[in-house]
Amino acid sequence: HGPSAFGRGEFSFRNPGTEQWSYSFEVVANKNGHASGRAIFDILENSTPTQVVVKINCIDVIESSGFLSASMTGTVLHSDNPEFPKRATVLFGAVDSSGAPTPTSDIITRLFVFEGGDCHSGAFPLTFFLQSPDAIHIEP
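Residues numbered from 1 in each chain as written. Predicted model: local features only at pLDDT ≥ 70, side-chain atom pairs only at ≥ 80, totals over all residues. Heavy atoms only, no water.

J.: If you had to explain the overall build of the protein chain to someone new, which residues and values would you point to?
T.: Check the secondary structure of the protein chain and you find zero helices and ten strands. Written out in order from the N terminus, the α and β elements of the protein chain read β-β-β-β-β-β-β-β-β-β. Relative to its length of 140 residues, the protein chain is compact, with a C-alpha radius of gyration of 14 Å against a globular reference of 14 Å. Looking at the 140 residues of the protein chain, the share that counts as buried comes to 42%. For the protein chain, restricting intrachain contacts to residue pairs at least 6 apart in sequence, the fraction spanning at least 24 positions comes to 49%. (Helix = DSSP H or I, 4+ residues; strand = E, 2+ residues; numbered from the N terminus. Rg over C-alpha atoms; globule rule 2.2 N^0.38 Å. Buried < 20%, exposed > 50% of the residue type's maximum accessible area, 1.4 Å probe, protein only. Contact = heavy atoms within 4.5 Å.)

J.: Give a detailed account of the side chain of N81, specifying residues and quantitative values.
T.: Within the fold, N81 resides in the loop between strand 5 (67-79) and strand 6 (89-96). Given the relative accessible area of 7%, N81 is considered buried. A distance of 3.0 Å separates polar atoms of two side chains, one belonging to N81 and the other to T50. Contact partners of N81, with chain neighbours within four places excluded, come to I43, T50 and V52. (Polar contact = N/O pair within 3.5 Å; in protein donor to acceptor, adjacent residues only side chain to side chain.)

J.: Can you break down the pairing of strand 9 (residues 128-131) residue by residue, with the values?
T.: Strand residues, when the strand is regular, have side chains that alternate between the two faces of the sheet. Side chains F129 and Q131 of strand 9 all project onto a buried face; the interleaved residues F128 and L130 project onto a face where none is buried. Pairing analysis gives four bridges linking strand 7 (residues 106-109) to strand 9, with the strands arranged antiparallel. Residue pairing across strands places D106 opposite Q131, the latter belonging to strand 9. (Pairing = 2+ DSSP bridges.)

J.: How would you summarise the packing of aromatic side chains if you had to cite specific residues and measurements?
T.: In the structure shown here, the tally under the stated rule is eleven aromatic pairs. Ring centres of F11 and F129 lie 4.2 Å apart, and the angle between their planes is 15°; this geometry places the pair in the stacked category. Here F11, found in strand 1 (residues 4-14), pairs with F129, found in strand 9; they are 118 residues apart in sequence, far enough to count as distant. For the pair shown, F11 and F129 are each scored as buried. Grouping aromatic residues by their ring pairs yields a cluster made of F11, F13, W21, Y23, F25, F41, F84, F92 and F129. For the cation-ring pair, R110 lies above F112, with the distance from its terminal atom to the ring centre recorded as 5.0 Å. (Phe/Tyr/Trp six-rings, centres within 6.5 Å; stacked < 30°, edge-to-face > 60°. Lys NZ or Arg CZ within 6 Å of the ring centre and 35° of its normal.)

J.: Account for the pattern of salt bridges, with residues named and values stated.
T.: Summed over all chains, the structure comprises one salt bridge. In this structure, E83 and R110 form a salt bridge, with 3.0 Å as the shortest nitrogen-oxygen distance. Remark: R110 occurs in the loop between strand 7 and strand 8 (112-113) and E83 occurs in the loop between strand 5 and strand 6; sequence separation between them is 27 residues. (Salt bridge = Lys/Arg side-chain N within 4 Å of Asp/Glu carboxyl O.)

Taken by themselves, the reported measurements are silent on function.
Okay, structure coming up:
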């Protein structure tokens, strides 16, 4: 078996209005590194609800000081959000803090359109949101 990750939660931010996001994802890679999974992002922006469904096809897991981070890319299968058109390649990241020396928050990033490769060739997104310590689970 290869790396895997799953998570569920929500976050909000101002951009310039308030956006509220909820997410769930699950991805598993085989021993050859081929990944398969799905992510769903429900986004409420300016009182307008949209949903983005992503077929995840790449996961890159890195371990550092007890933290496991996963960069994930995939293809938008369904979207009624104009920022994330159908068939676009998207990227998001997550951090599992359960192995850290001091318990801390997990992290999720927002979804980004990603032109230029897969999860192995992109940087980890820098826009991130703290989650409860048990929101994200990553296995190397």
